[in-house]
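These are the residues of each chain, in order.
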Amino acid sequence: MKKGVMRPGHVQLRVLDIEEAVSHYRDLIGMTEMDRDDQGRVYLKCWTEVDKFSVVLREDDTPGMDFMAFKCLSEEVVDQLRAELIEFGCSVDDIPEGELKDCGRRVRFTSPSGHNFELFATKKQVGSAVGSHNPEAWPRDLTGMKAQRLDHCLLYGVELAKTLDLFRNVLGFDLVEQVMTPDGTRVAQFLTVSMKAHDIAFIDHPEPGKFHHASFFLETWDDVLRAGDLISMTDTSIDIGPTRHGITHGQTIYFFDPSGNRNEVFCGGDYFYPDHEPITWDAEKLGKAIFYHDRELNERFLSVVT
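Residues numbered from 1 in each chain as written. Predicted model: local features only at pLDDT ≥ 70, side-chain atom pairs only at ≥ 80, totals over all residues. Heavy atoms only, no water.

## Regarding a nonpolar patch on the surface
This is how the line gets drawn: A residue counts toward a patch only above 30% relative accessible area and without a salt bridge, and it is joined to like-charged neighbours within 9 Å or, for Val, Leu, Ile, Met, Phe, Trp and Tyr, to nonpolar neighbours within 5 Å. With residues, only the protein chains shown are counted as cover, and all accessible areas are computed by Shrake-Rupley using a 1.4 Å probe. One speaks of a salt bridge when a side-chain nitrogen belonging to Lys or Arg is within 4 Å of a carboxyl oxygen belonging to Asp or Glu. Under the DSSP-based scheme used, a helix requires at least four consecutive residues in state H or I and a strand at least two consecutive residues in state E, with every element numbered from the N terminus. The buried label goes to any residue with under 20% of its type's maximum accessible area, the exposed label to any with over 50%, and the partly exposed label to all in between, with areas taken from a 1.4 Å probe on protein chains only.
A contiguous nonpolar surface patch, about 350 Å² in accessible area, is contributed by Met195, Tyr271 and Tyr273. You can see Tyr271 is positioned in the loop between strand E16 (262-268) and strand E17 (279-282). Taking relative accessible area as the criterion, Tyr271 reaches 55% and is therefore assigned exposed.

## Brief notes about the nonpolar core
Rule in force here: Residue types Ala, Val, Leu, Ile, Met, Phe, Trp, Tyr and Cys, when buried and joined through side-chain atoms within 4.5 Å, form a set referred to as a nonpolar core. By definition, residues are in contact when any of their heavy atoms lie within 4.5 Å.
Grouped together as the largest cluster of nonpolar side chains are 60 residues, with contacts concentrated most on Leu57, Leu85, Met145, Phe167, Ile200 and Phe216. Not counting chain neighbours up to four residues away, the residues in contact with Met145 comprise Leu28, Ile29, Gly30, Leu218, Arg226, Ala227, Leu230, Ile231, Phe255 and Val265. Counting 16 residues, the second largest nonpolar core, distinct from the first, contains Leu154, Val187, Phe291 and Phe301.

## Considerations on the pattern of salt bridges
This structure, assessed with the given rule, holds 26 salt bridges. When the shortest N-O distance is used, the salt bridge between Asp60 and Arg14 registers 3.9 Å. Remark: Arg14 occurs in strand E1 (residues 5-15) and Asp60 occurs in the loop between strand E4 (55-59) and strand E5 (64-72); sequence separation between them is 46 residues. On the accessibility criterion, Asp60 (25% relative accessible area) is partly exposed. Using a relative accessible area of 16% as the deciding quantity, one classes Arg14 as buried. Here Arg41 ties to Asp37 by a salt bridge, and the two come within 2.8 Å at their closest N and O atoms. Asp37 shares its class with Arg41; the two are buried.

Below, the structure written as structure tokens:
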């Protein structure tokens with residue numbers, strides 16, 4: 001049952017060198033730098049996004065994800081979900097309006113997987129790069145990979161069953177795909193709060209709270225191939241691809257920002273309606289599920305997290 005959570009709103013990432021990171025996300029991925037604050041954080045957005053920012057970069061001694069936030073339909077929804085999160089047993093912090101520039105109050109909570117998430121309803125809207133009145137097909141000043149939106153994050157952590165309970169029964173997400181072991185243990189789960197293949201995903205991992213990747217949507221397979229060219233042209237560290245996923249059927253390439261945080265750009269992918277049954281993959285088919293062409297996982301994909 002939908003609870004009023006609309007979509008991924010933003011992710012705050014820790015980076016080792018802020019200017020190197022800005023160059024990566026702005027010039028290579030193709031985001032637009034929108035603002036900086038007195039903490040030294042940098043705010044960026046993709047060209048189709050209407051909110052002021054979707055990625056926040058913060059310089060720190062260790063890479064990784066501080067938190068991922070979801071935008072809700074209203075402040076009333078945020079209040080209702082805050083109460084339900086407390087009833088579920090989550091620790092909740094209230095982050096005041098303006099702590100992130102041009103963003104309203106946020107409710108921060110920790111999931112059983114060990115990750116920090118936020119809910120908010122208000123953020124300054126600046127519109128897409130082509131506007132909303134007689135818009136052109138695309139802006140002519142796009143750079144790099146021309147990323148269209150922050151699409152989802154994949155996280156590694158513990159307590160997948162309890163995390164699924166939280167996201168499904170409190171926040172209103174649907175389970176789209178899953179990977180199951182022969183004894184019935186779910187070791188990967190892909191969740192959506194929209195019609196997309198997933199808005200958030202979790203893979204079972206012995207350490208809580210680990211970040212695997214942030215994913216950005218491209219329009220076509222040719223765009224993914226071009227992203228691969230740009231990765232080589234810039235000597236950017238690559239993980240794997242271009243290739244296809246079995247899970248979601250999206251076409252993808254994985255690479256790393258200068259701090260070691262993994263990024264994905266992809267196109268295509270399945271759609272979801274609430275009457276769809278979850279798609280199930282057997283754990284022994286995990287290689288084909290993740291990398292459909294190679295049919296096996298590389299060691300980096302399994303072990304490199306921040």
